[in-house]
Amino acid sequence: MATQWGEGHLLVVVGGLDDRFGLPATVRFATEIAAALIMVYAGGLQLHDIGDPFGVGVLSLDGFSLIATVIVTVTIVNAYNFVDGADGLAGLLVLIGLIAVAIVGGAGASSTAIALLASTAIVGFLVFNFPVNGNRRLRSFMGDAGSTFLGFIIVWVALGVSQGPDRFISPVYCLWFAAIPVFDCLTRFVRRLVRHVSPLTPGRDHFHHVLYRSG
């Protein structure tokens, strides 16, 4: 966390090593993969199946379960990082997903407690993140570390309510919890490949940039 004073204003940036030193993509991906493996082996959360999206029975991932879990985790984590391009956007999208998880899981799910705890923290952050007259003198920004961590929380709680014998919802429905960031990430990836541009470089081709340019 860093603070900066100037002209009577206080800026708070919640970040980590990547925000301070600009870590390369390979280091970031390695860290995200490590976090996914910790979730699997220490947290006991893994994507074992994707439910019954086609009405032919539950589609089990079997031997691809670990690989699928890592891919899904890294994709969603980076999707929330990519969508963090406007004040309050990433925080609000995560808040919506967490509230959905809490509603689905109900009081009996351990993921509900995690979702509600994270939601209260996000609400406190958003109070000082939205550019309104009441918070002009004190602003907060989450940075890359904050947005990727929020994406990781979404993966964690979504697996908690959609996997195992006590699941509350089919895994395929959990895509709706992160639909906008994932759709933005995948469409951006495809568009960049078509234009022969690296998907990992920054750009102003996200959906919120399109909306801004459209007025």
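Residues numbered from 1 in each chain as written. Predicted model: local features only at pLDDT ≥ 70, side-chain atom pairs only at ≥ 80, totals over all residues. Heavy atoms only, no water.

**Thoughts on the overall build of the protein**
Working step 1: Helix and strand content of the protein: eight helices and three strands.
Working step 2: Buried positions account for 40% of the 215 residues belonging to the protein.
Working step 3: Relative to all contacts within the protein whose residues are 6 or more apart in sequence, the contacts with residues 24 or more apart total 61%. (Helix = DSSP H or I, 4+ residues; strand = E, 2+ residues; numbered from the N terminus. Buried < 20%, exposed > 50% of the residue type's maximum accessible area, 1.4 Å probe, protein only. Contact = heavy atoms within 4.5 Å.)

**Re the packing of helix α2 (residues 25-41) against helix α6 (residues 143-162)**
Working step 1: Where α2 contacts α6, the two axes come as close as 12 Å, and the packing angle between them is 30°. Between α2 and α6, the crossing angle belongs to the class labelled roughly parallel. Along this stretch, α2 crosses α6, giving a crossing that reads as right-handed. Contacts between α2 and α6 pair Arg28, Glu32, Ala35, Ala36 and Met39 from the former with Asp144, Thr148, Phe152, Val155, Trp156 and Leu159 from the latter. (Axes fitted to C-alpha atoms, helices over the stretch in contact; angles between N-to-C directions. Parallel < 35°, antiparallel > 145°, perpendicular 65-115°, else oblique. Left-handed = near helix turned anticlockwise from the far one by under 90°.)

**Concerning the pattern of salt bridges**
Working step 1: Applying the stated criterion across every chain yields a total of one salt bridge.
Working step 2: For Asp49, the salt bridge is made with Arg167, and the minimal N-O distance between the two is 2.5 Å. Of this pair, Asp49 sits in the loop between α2 and α3 (65-82) while Arg167 sits in the loop between α6 and α7 (179-194), and the two are 118 residues apart along the sequence.
Working step 3: For Asp49, a relative accessible area of 8% translates into the label buried.
Working step 4: Relative accessible area serves as the criterion here: at 29%, Arg167 is assigned to the partly exposed category. (Salt bridge = Lys/Arg side-chain N within 4 Å of Asp/Glu carboxyl O.)

**Observations concerning the environment of Gly160**
Working step 1: In this structure, Gly160 sits in helix α6.
Working step 2: Along the sequence, Gly160 and Gln46 sit 114 residues apart, while their C-alpha atoms lie 8.8 Å from each other.
Working step 3: Setting aside residues no more than four positions away along its own chain, Gly160 makes contact with Leu45 and Ser111.

**Brief notes about the nonpolar core**
Working step 1: Within the largest apolar cluster, 40 residues are counted, with the highest numbers of intra-cluster contacts made by Ile76, Tyr80, Val94, Leu98, Ile122 and Ile154.
Working step 2: Listed by contribution, the elements that provide at least two residues to this core are α3, α4 (89-105), α5 (110-127), α6 and α7.
Working step 3: The element that contributes the greatest number of residues to this core is α6, accounting for nine residues.
Working step 4: Filtering out sequence-adjacent residues up to four positions away, Leu98 remains in contact with Ala115, Ala118, Ser119, Ile122, Ile153, Ile154 and Val157. (Core = buried A, V, L, I, M, F, W, Y, C linked by side-chain atoms within 4.5 Å.)

**Examining the side chain of Ser147**
Working step 1: Looking at where Ser147 falls in the secondary structure, it is placed in helix α6.
Working step 2: In this structure Ser147 comes out as buried when scored by relative accessible area, which is 1%.
Working step 3: When residues no more than four places from it in sequence are discounted, the contact partners of Ser147 are Tyr80, Asn81, Asp84 and Met142.

**Observations concerning the packing of aromatic side chains**
Working step 1: According to the stated counting rule, one finds one aromatic pair in the structure shown.
Working step 2: Plain terms: the ring middles of Phe152 and Trp156 are 6.0 Å apart, the flat faces sit at 65° to each other, and that makes the pair edge-to-face. Taken together, the positions of Phe152 and Trp156, both in helix α6 and four residues apart, correspond to about one turn of that helix. (Phe/Tyr/Trp six-rings, centres within 6.5 Å; stacked < 30°, edge-to-face > 60°.)

**Comments concerning α3**
Working step 1: Here α3 contains 18 residues, and its C-alpha end-to-end distance of 26 Å stays within 8% of the 26 Å for a straight helix at 1.5 Å per residue.
Working step 2: Every buried residue of α3 is listed here: Ser65, Ala68, Thr69, Val70, Thr73, Val74, Ile76, Val77, Asn78, Ala79, Tyr80 and Asn81.
Working step 3: Here the buried face of α3 lies against α2, α4, α6 and α7. (Expected span 1.5 Å × (residues − 1).)

**Regarding the confidence of the model for the protein**
Close inspection of predicted coordinates is inappropriate in any region flagged by low pLDDT.
Working step 1: Mean pLDDT over the protein: 79, with 80% of residues reaching 70 or higher.
Working step 2: Strand β1 (residues 2-6) is the least confidently modelled element of the protein, averaging 41 in pLDDT, while α3 averages 91, the highest of any element.
Working step 3: Counting contacts from residues 1-14, a segment whose pLDDT is below 50, to residues more than four positions away or on other chains yields 32 contacts. (pLDDT = per-residue confidence, 0-100.)

**Some points on the packing of α5 against α6**
Working step 1: With their axes 9 Å apart at the nearest point, α5 and α6 run at an angle of 155° to one another. One way to sum up the angle between α5 and α6 is to call them roughly antiparallel. Between α5 and α6 lies a crossing whose hand is left-handed. On α6, the residues that touch Ser111, Ile114, Ala115, Ala118 and Ile122 of α5 are Leu150, Ile153, Trp156, Val157, Gly160 and Val161.
Working step 2: In terms of residue class, the contact of α5 with α6 is made up of nine nonpolar, two polar and no charged. (Nonpolar A, V, L, I, M, F, W, Y, C, P; charged D, E, K, R; others polar.)

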